[in-house]
Amino acid sequence: MTSIILGQGRDGSSIELDLPELLATRLLVQGNSGSGKSHLLRRLLEQTANVVQQVMIDPEGDFVTLAEHYGHLVIDVEDQSEASLRAAGERVRAHRASVVLNLEHVEAEMQLRAAGAFLNGMFEAPRAHWYPVLVVVDEAQLFAPVAGGDTTDEARRLSLGAMTNLMCRGRKRGLAGVIATQRLAKLAKNVAAEASNFLMGRTFLDIDMARAADLLGMERRTAESFRDLARGQFMALGPALSRRPKLVAIGSVETASHATGPILVPLEPVPAEELRDIILEPIAELSPRPRRENRPPPPDLLAQLDAYGTNRDAAEISTATATTTIEADPDTLWSLVSEVASGDDADYKPLATLYQDFQLRARILGLPRTILDLPSFQRILINSRVGLDRSRAETEEWQQAEHVAHTLPEDVRGVFLLLARHAWDALPCPDDDALARAYGTHSLGRARRQLNYLEEREVIVLQQTSSQRRVAIVGIGWSTT
Ligand SMILES: Nc1ncnc2c1ncn2[C@@H]1O[C@H](COP(=O)(O)OP(=O)(O)OP(=O)(O)O)[C@@H](O)[C@H]1O
Ligand SMILES: [Mg+2]
């Protein structure tokens, strides 16, 4: 497959985008806020996800949902240094990993530095790793601005240099830039000029329209028609799209954006005095809880295993689903799960990957892979991570702790149960390193924030003595020493 369907033309015909041509000739998307640029990029990424490596520079965290769906790695830059981002950029090329660089949680200055370092890392990868990769940058005017904003010159130079490399010198290195901007007039000229394909959406400002007309080599009066485009409609032009400007209504997408359009909801009148109390009520400061979600296991390896399947396998799986209980010795399951838990870097791997590892081991022992469902697997995994064996995990006391854990969001349960286990055995409070591992992050700061979050949820009480922390678990009456 070399072409994808981008959407429909005026007459309802399919408008295609030639992928190999795009990789060679790059793409610029422009349109005012709400014109549908991010939707368009999502369509492009979804349609090509299984064909070409993708890197998404995502200033708004909009594409994290796409990553979850297609198994892309999400890199949250707040946890990373510039040097490690540069190294990550290089490794992404060596391993041909599809990645979303999530810049949502950092300030403008750090957004520039992070994107610059990562893109430069990709650009500087050794020749042996110059595989084709689609590099998509949303809100490109942030990273390649015409003029300075609130950021330092140094950060701007770094990021602009990286964007120039991407668009002007990237092709030979396999980097195919796709950039989208709200304001063409705010995007550095040399960066915009290197794209040979254009998708122009609704545009209001004369100055943007004039730039668009220049780039497309069309009369300014013709460019006026960009005002009349509806949301989701773009004028397409370029070797990968069409030799003459052609209208395209972008097709639908599979994954949802976090951002939804405005919805009008009827107002309910509330008396002003009552409103005062509500609006000016003293605040309880809640620290935001970082987002971290698990995605369902990708099928690949197991699907391959299944492809070798014999009748025996089919019979085995059908009995497993028919009776739902094939008895396996619980101790065997526990030891299988602890082997998975103690694997290299297992603390930092997504649940889905670990579960897949478990299923593989189960299959090797001749057990059906349906032997343990995901929630049960996760339960044993957490228990074994916090150092409990089956007999202790099944005591009534511990089940109480697990009960409390279940009232919490999934990603902090491990942290809570680690604290609970230490408290149960009257051990000292686990150090930041251990907490970070339990949360599956390398960032100590992020791990410490989970303690505050747990305290806000009133499942633990923190008592700080100089450098030592003391934790009491609410409701169970345990406390670390
Ligand atoms: N082709 C389309 N079909 C259906 N809905 C669309 C289409 N294009 C855009 N939308 C919807 O319109 C809204 C705005 O689109 P989108 O977020 O892509 O705009 P944008 O140009 O990226 O805006 P901004 O510059 O503010 O980020 C979204 O809710 C999106 O789902
Ligand atoms: Mg957008």
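Look a little higher up for the structure.
Keep in mind that what you see is a predicted model, and the values were worked out from it rather than measured. (Residues numbered from 1 in each chain as written. Chains lettered and ligands numbered in written order. Predicted model: local features only at pLDDT ≥ 70, side-chain atom pairs only at ≥ 80, totals over all residues. Heavy atoms only, no water.)

Caption draft 1: Looking closely at the sheet that holds strand β4 (residues 53-58). Strand order in the open sheet formed by 11 strands is β2-β1-β11-β10-β9-β3-β8-β7-β4-β6-β5, with mixed pairing between adjacent strands. Edge positions in the open sheet fall to β2 (14-18) and β5 (73-76), since each of these has one partner strand only. Strand-to-strand, the axes of this sheet are offset by a mean angle of 25 degrees, without reference to chain direction. Across 5 bridges, strand β7 (residues 133-137) lies against strand β8 (residues 175-181) in parallel orientation. Along β8, the bridge assignment pairs L134 with A176. Together, β1 (3-8), β2, β3 (27-30), β4, β7, β8, β9 (197-200), β10 (233-238) and β11 (242-250) form the strand contacts of helix α2 (residues 37-48), whose direction differs from that of β1 by roughly 150 degrees. Contacts from helix α5 (residues 108-123) reach β4, β5, β6 (99-102), β7 and β8, with the element oriented near 160 degrees to β4. (Pairing = 2+ DSSP bridges. Helix = DSSP H or I, 4+ residues; strand = E, 2+ residues; numbered from the N terminus. Axes fitted to C-alpha atoms, helices over the stretch in contact; angles between N-to-C directions. Contact = heavy atoms within 4.5 Å.)

Caption draft 2: Inspection of the packing of aromatic side chains at higher detail. With the rule as written, the count across this model stands at 6 aromatic pairs. With centroids separated by 6.5 Å and ring planes inclined at 5 degrees, the aromatic side chains of W398 and W478 adopt a geometry described as stacked. Of this pair, W398 sits in helix α18 (residues 396-405) while W478 is found in strand β14 (residues 478-479), placing the two residues 80 residues apart along the sequence. Residue W398 shares its accessibility class with W478, and that shared class is buried. Between W424 and W478 the ring centres are 5.4 Å apart and the planes differ by 15 degrees, which places this aromatic pair in the stacked class. With W424 in helix α19 (residues 410-424) and W478 in strand β14, this residue pair connects regions lying 54 residues apart in the sequence. With a relative accessible area of 17%, W424 lands in the buried category. With a relative accessible area of 12%, W478 lands in the buried category. Each member of the aromatic cluster is reached from another via a ring pair, and the members are Y355, F358 and F377. Directly above the ring of Y131 sits R96, whose terminal nitrogen or CZ lies 4.2 Å from the centroid. (Phe/Tyr/Trp six-rings, centres within 6.5 Å; stacked < 30°, edge-to-face > 60°. Buried < 20%, exposed > 50% of the residue type's maximum accessible area, 1.4 Å probe, protein only. Lys NZ or Arg CZ within 6 Å of the ring centre and 35° of its normal.)

Caption draft 3: View of the site of ligand 1. Inspection of the region around ligand 1 gives 14 residues, with S33, G34, K37, S38 and H39 positioned closest. Taking R231, its side chain carries an N or O atom lying 3.1 Å from an oxygen atom of ligand 1. A total of 630 Å² of accessible area belongs to ligand 1 in isolation, and the protein chains cover 72% of it. It is α2 that provides the largest number of residues to the shell around ligand 1, a total of 3 residues. Tallied by class, residues from the shell around ligand 1 come to 1 nonpolar, 10 polar and 3 charged. (Near = heavy atom within 4 Å. Polar contact = N/O pair within 3.5 Å; in protein donor to acceptor, adjacent residues only side chain to side chain. Areas by Shrake-Rupley, 256 points an atom, 1.4 Å probe, with all protein chains shown as cover. Nonpolar A, V, L, I, M, F, W, Y, C, P; charged D, E, K, R; others polar.)

Caption draft 4: Molecular detail of the environment of W424. Sequence separation of W424 and E397 is 27 residues, and the distance between their C-alpha atoms is 8.9 Å. Setting aside chain neighbours within four positions, we find W424 in contact with L388, R392, T395, E397, W398 and W478.

Caption draft 5: A nonpolar patch on the surface, seen in detail. A cluster of nonpolar side chains, V270, L275, I278, I279 and L280, forms an exposed patch at the surface whose accessible area comes to about 480 Å². Its location among the elements puts L275 in helix α11 (residues 272-279). In this structure L275 comes out as partly exposed when scored by relative accessible area, which is 35%. (Patch = residues over 30% accessible without salt bridge, like charges linked within 9 Å, V, L, I, M, F, W, Y side chains within 5 Å. Salt bridge = Lys/Arg side-chain N within 4 Å of Asp/Glu carboxyl O.)

Caption draft 6: Focus on the pairing of β7. Across the 5 residues that make up β7, a large majority, 5, are buried. The alternating pattern of β7 places V133, V135 and V137 and L134 and V136 on opposite faces, both of which are buried. Sheet analysis places β4 next to β7, joined by 5 bridges and oriented parallel. Bridge assignment links M56 to a residue of β7, and that residue is V136.

Purely spatial values, then, with no claim about function.
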